[in-house]
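Residues per chain are reported as follows:
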Amino acid sequence: MNISHQKTDDINANIIVELTPEDYNPAVDKAIKDQAKKAKLPGFRPGLVPTGHIRRTYGKSILFDEVNRIINNKISEYIGEQKLEVLGQPLPKEDDAEVNYNWDFKDTFKFNYEIGLAPEFDVPFTAETEFIEYDIKADDATLQERIKNLRRSYGKMTNPEVSEEGDVLYAALKQVKDEGIEKTTSIRTDIIEDAKIKKSLVGLKKEDVVKIDVKKAFKVDDLARILGITEEEAENLDVTKFELTVQNINRLEESDLNQEFFDKLFPAGEVTTEEQFNAKVTEEVENLFKQNSAQKLRNDMYTFGMDKADTKFPETFLKKWLKATNPNLSEQEIEEGFADFVSNLKWTIIENRVVTANNLEVKYDEVVDLAKERIYSQIKMYNMNDEPTDEQLNQFALQLLADREQANRLFEEVKALKVFDKLKSTVKIKSKKIAYDKFEKLDK
């Protein structure tokens, strides 16, 4: 067997494979014998079908399968041996389809494949590259909003006589037209978009009636949910004026800052004063901000790497490969998504080169640990006082990893984190304190 490759330019090449009968017939003979042992055909005892009969009846299809298997295996081996950084998979050249073979176990086959090669460029992160890592502090408004949400989570529902901003109105909505839409439902006043309409719903009592323009009041998805119609129907309402008749007023009163409330959030007796509570909430919020800071640093590194690695890709080959592997995609869909595809591909190349250059390895235990970390964060999000055992987290993690898609996603996430940590240890990192409200405006 002869196999070689020829570059047509720096990012495109052809692989040429020559296969003689001596290369493939031993494998074909073995496959025919194996088929004879398994075959169940009329007129023959199971397992005793003559190989000659199998060769005459199924020989060409077996030959075809074995030739394809041998070629695919050899190409994969060759790419590894030659350390070719291939993008996508090799594609048979179209002019090969014009060659006619007898498929009589005597042909010498010659196949040509197109391959796309990753462009040569240096990973643009060095000891001289500098990034800012933000130490995000909770500003007073953010802290007070978090405290308010916690108090409301453990508050109690009341039914006041007069509505205030933020109440939930249980009301009848009636479209102002003959045989219009009528719906009795709960309406959260905090999601109303229009300030004047929101103000008009303050100071209402039971049986009060106001007219509102629902298109101005609500986003389309909220309006569809409130009226029980589709988003398309909500978008195309012919009459948007509705009468709103208050039937009840619901208000979630915030919990008092007392020991009962503290013990619902934290281990009993751990927090006994408002100052300790504020300190705990500040700690919790700023720990969450560490994720925002890390994500910002990753985004900045990504943007820097993408800008600095200015290079060309084998676009014609890649589009052809995308079409071959996704036959349901139209040419227009491929064109529309191609820029994002190339961007993801470029960063994947950078990641893989960092992994290879530094012998980074993703271990199964690390994937399990990340799964446990994600599950723990979700549990704490819904109940700060709930403390799952390590055994429970292990069980949940293994259930999550049983889903191959989730397992692959977490594997890639661990790899990305390892690359990020390596890059972070390579470049200069400057720490800078910043309030959360100012941090949110950085990229706007």
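Residues numbered from 1 in each chain as written. Predicted model: local features only at pLDDT ≥ 70, side-chain atom pairs only at ≥ 80, totals over all residues. Heavy atoms only, no water.

1. A word on the sheet that holds strand β1 (residues 2–9)
The pairing of strands in a sheet happens through backbone hydrogen bonds and is either parallel or antiparallel.
(1) Moving on: Here we have four strands laid out as an open sheet, ordered β1-β2-β4-β3, and antiparallel in their pairing. On the outer flanks of this sheet lie β1 and β3 (86–92), each paired with one strand and no other. In this sheet, adjacent strand axes meet at a mean angle of 25° when their direction is disregarded.
(2) Moving on: Inspection of the sheet shows strand β2 (residues 12–19) paired to strand β4 (residues 109–117) by eight bridges, in the antiparallel sense. Across the sheet, residue Asn12 finds its bridge partner in β4, namely Gly116. (Pairing = 2+ DSSP bridges. Helix = DSSP H or I, 4+ residues; strand = E, 2+ residues; numbered from the N terminus. Axes fitted to C-alpha atoms, helices over the stretch in contact; angles between N-to-C directions.)

2. Regarding the side chain of Ser293
(1) Moving on: Within the fold, Ser293 resides in helix α9 (residues 274–308).
(2) Moving on: Residue classification places Ser293 among the buried residues on the basis of a relative accessible area of 4%.
(3) Moving on: Filtering out sequence-adjacent residues up to four positions away, Ser293 remains in contact with Glu133, Tyr134, Ile136 and Phe439. (Buried < 20%, exposed > 50% of the residue type's maximum accessible area, 1.4 Å probe, protein only. Contact = heavy atoms within 4.5 Å.)

3. A look at a positive patch on the surface
(1) Moving on: Side chains of Lys196, Lys211, Lys216 and Lys241 sit close together on the surface and give a patch of like positive charge.
(2) Moving on: For Lys241, a relative accessible area of 45% puts it in the partly exposed group. (Patch = residues over 30% accessible without salt bridge, like charges linked within 9 Å, V, L, I, M, F, W, Y side chains within 5 Å. Areas by Shrake-Rupley, 256 points an atom, 1.4 Å probe, with all protein chains shown as cover. Salt bridge = Lys/Arg side-chain N within 4 Å of Asp/Glu carboxyl O. Lys, Arg positive; Asp, Glu negative; His and termini not counted. Charge placed at Lys NZ, Arg CZ, Asp CG, Glu CD.)

4. Focus on the pairing of β2
(1) Moving on: Within β2, seven of the eight residues are buried, leaving the element largely enclosed by the surrounding structure.
(2) Moving on: As paired strands, β1 and β2 are joined by seven bridges and run antiparallel to one another. Its bridge partner lying in β2, Ile3 is registered against Val17.
(3) Moving on: Between β1 and β2, which pair antiparallel and follow one another directly, the connecting turn spans two residues.

5. Topic: the pattern of salt bridges
Pairs may arise between side chains of opposite charge once their charged atoms sit close together.
(1) Moving on: Within this structure, the stated rule accounts for 26 salt bridges.
(2) Moving on: Its salt-bridge partner being Arg188, residue Asp190 comes within 2.8 Å of it at the nearest N-O pair.
(3) Moving on: Exposure remark for Asp190: the relative accessible area of 42% places this residue in the partly exposed category.
(4) Moving on: Between Lys296 and Asp300 there is a salt bridge, and its shortest N-O distance comes to 3.3 Å. Highlighted residues: Lys296 and Asp300, both in helix α9, separated by four residues, approximately one helical turn.
(5) Moving on: A residue is classified by how much of its surface remains accessible, and Asp300, at 25% relative accessible area, is partly exposed.
(6) Moving on: Among the charged side chains, a network of salt bridges with common partners joins Glu373, Arg374, Arg409 and Glu413.

6. Looking at the environment of Ser163
(1) Moving on: Mapped onto the secondary structure, Ser163 falls in the loop between β6 (156–158) and β7 (168–175).
(2) Moving on: The sequence separation of Ser163 and Asn236 amounts to 73 residues, and the corresponding C-alpha distance is 31 Å.
(3) Moving on: Once residues lying within four places of it in the same chain are set aside, the contact partners of Ser163 are Leu169, Leu201, Val202, Gly203, Leu204, Ile249 and Arg251.
(4) Moving on: Within polar-contact distance, the side chain of Ser163 engages the backbone oxygen of Leu201 at 2.7 Å. (Polar contact = N/O pair within 3.5 Å; in protein donor to acceptor, adjacent residues only side chain to side chain.)

7. So, the packing of α9 against helix α11 (residues 331–357)
Packed helices, taken two at a time, are described by the angle their axes make and the gap between the axes.
(1) Moving on: The interhelical angle for the contact between α9 and α11, taken along N-to-C directions, is 100°, at an axis separation of 10 Å. What the angle tells us is that α9 and α11 run roughly perpendicular. Only Ser343, Asn344, Lys346, Trp347 and Ile350 of α11 make contact with α9, whose side of the interface consists of Met301, Tyr302, Gly305 and Met306. (Parallel < 35°, antiparallel > 145°, perpendicular 65-115°, else oblique.)

8. Points about the environment of Ser255
(1) Moving on: Structurally, Ser255 is set in the loop between β10 (241–253) and α8 (259–265).
(2) Moving on: The exposure class assigned to Ser255 is buried, which follows from its relative accessible area of 12%.
(3) Moving on: With 145 residues separating them in the primary sequence, Ser255 and Leu400 have C-alpha atoms 36 Å apart.
(4) Moving on: What Ser255 contacts, discounting residues up to four positions off in sequence, is Arg151, Tyr154, Gly155 and Phe261.

9. Observations regarding the nonpolar core
(1) Moving on: With 30 residues, the main nonpolar core has Ile15, Tyr24, Ile54, Val67 and Ile71 as its most contacted residues.
(2) Moving on: Mapped by element, the contributors of at least two residues to this core are β2, α1 (21–38), α2 (51–81) and β4.
(3) Moving on: Looking at this core element by element, the count peaks at nine residues for α2.
(4) Moving on: Apart from the residues within four sequence positions on either side, Val67 is in contact with Leu19, Tyr24, Trp103, Phe109 and Phe111. (Core = buried A, V, L, I, M, F, W, Y, C linked by side-chain atoms within 4.5 Å.)

10. Quick word on helix α10 (residues 315–325)
(1) Moving on: Of the residues making up α10, those classed as buried are Phe317, Leu318, Trp321 and Leu322. Around the axis of α10, the buried residues are gathered within 135° of arc, so they sit on the same side.
(2) Moving on: At its buried positions, α10 is contacted by β2, β3, β4 and α11. (Arc of directions from axis to C-beta.)

11. Points about the packing of aromatic side chains
(1) Moving on: Taken as a whole and judged by the stated rule, the model has 21 aromatic pairs.
(2) Moving on: With a centroid separation of 5.5 Å and an interplanar angle of 55°, the aromatic rings of Phe64 and Trp103 are classed as tilted. Of this pair, Phe64 sits in helix α2 while Trp103 is found in the loop between β3 and β4, placing the two residues 39 residues apart along the sequence.
(3) Moving on: Geometrically, the ring pair formed by Tyr134 and Phe439 is edge-to-face, given 5.9 Å between the ring centres and 70° between the ring planes. Here Tyr134, found in strand β5 (residues 130–137), pairs with Phe439, found in helix α15 (residues 436–439); they are 305 residues apart in sequence, far enough to count as distant. There is no split in this pair, since Tyr134 and Phe439 are both buried.
(4) Moving on: A network of ring pairs unites the aromatic residues Tyr24, Phe64, Tyr101, Trp103, Phe109 and Phe111 as a single cluster.
(5) Moving on: If you follow Arg298 out to its NZ or CZ, it ends over the ring of Phe420, 5.2 Å from the centre. (Phe/Tyr/Trp six-rings, centres within 6.5 Å; stacked < 30°, edge-to-face > 60°. Lys NZ or Arg CZ within 6 Å of the ring centre and 35° of its normal.)

12. Points about a negative patch on the surface
(1) Moving on: A surface patch of negative charge is lined by Asp9, Asp10, Glu120 and Asp122.
(2) Moving on: Since its relative accessible area comes to 64%, Asp10 is described here as exposed.

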